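Inside the fold
Here is how the chains run, residue by residue.
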Amino acid sequence: MDWTIKTFDELSSKEIYEILRSRAEVFVKEQKICCVDPDGVDYKSWHIFAMEDDRVCAYLRAFKDGDGIIKIGRVLTLVHGKGTGTQLMRYAISELKAKTACKKIIMDAQTHAIPFYQRLGFSITSEEYLEEGIPHVDMELSF
């Protein structure tokens, strides 16, 4: 799978459309999250994704959230259980470390995904809370 990392201004109109399409498919249709997805954060984010058959099949966004801290979110894969999420995260961690010299990556992780993120080295840093009606915890990966 070929991975891409781009700033918002580097994305083509087709890539933006496919990113928003995949995010809607996973977060609105699959997970029943009712929120305004385009929240303005995309403009200041790196967009990390892979395309397959002209669709964004795996995606996350990342942005600076303080000195030496990168926050990731909107993590998705269209196909589950094939290792795509692990590939996405490993690529993202490597690229973000190289591009930003960050000391820490943080995220709001859905609680069902805690074991997945722990296998990648993330640790829980908060109690459970609800975000858009879904249980989450804060997690971080320090270098």
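Everything here concerns the structure above.
This section reports on the structure supplied with the text.

Criteria and cut-off values
- Residues numbered from 1 in each chain as written.
- Predicted model: local features only at pLDDT ≥ 70, side-chain atom pairs only at ≥ 80, totals over all residues.
- Heavy atoms only, no water.
- Helix = DSSP H or I, 4+ residues; strand = E, 2+ residues; numbered from the N terminus.
- Expected span 1.5 Å × (residues − 1).
- Buried < 20%, exposed > 50% of the residue type's maximum accessible area, 1.4 Å probe, protein only.
- 1 Å grid on protein atoms, 1.4 Å probe; cavity = no way out; pocket = protein on both sides within 12 Å on 5 of 7 lines; lining within 4 Å.
- Points joined across faces, edges and corners; volume = space filled by probe spheres on them.
- Phe/Tyr/Trp six-rings, centres within 6.5 Å; stacked < 30°, edge-to-face > 60°.

A few words now on helix H1 (residues 13-30). End to end, H1 covers 24 Å across 18 residues, agreeing with the expected 26 Å (1.5 Å per residue, within 8%). Within the sequence span of H1, burial applies to Glu15, Glu18, Ile19, Ser22, Arg23, Val26 and Phe27. Looking one or two residues beyond H1, the residue adopting positive phi is lysine 32, at roughly 60°.

There is about 880 Å³ of room inside the largest pocket. Lining the largest pocket are 35 residues, with Phe27, Arg74, Val75, Gln110 and Tyr117 sitting closest to its centre. Elements that contribute at least two residues to the lining of the largest pocket include exactly H1, strand E3 (55-64), strand E4 (69-77), helix H2 (84-100), strand E5 (104-110) and helix H3 (114-119). With 7 residues, E4 is the single largest residue contributor to the lining of the largest pocket.

On inspection of all chains with the given rule, the structure shows 4 aromatic pairs. Where tyrosine 117 meets phenylalanine 122, the ring centres are 5.9 Å apart and the plane angle is 70°; that geometry is what we call edge-to-face. Note on accessibility: tyrosine 117 and phenylalanine 122 belong to one class, buried. An aromatic cluster of at least three residues, connected via ring pairs, comprises Phe116, Tyr117 and Phe122.

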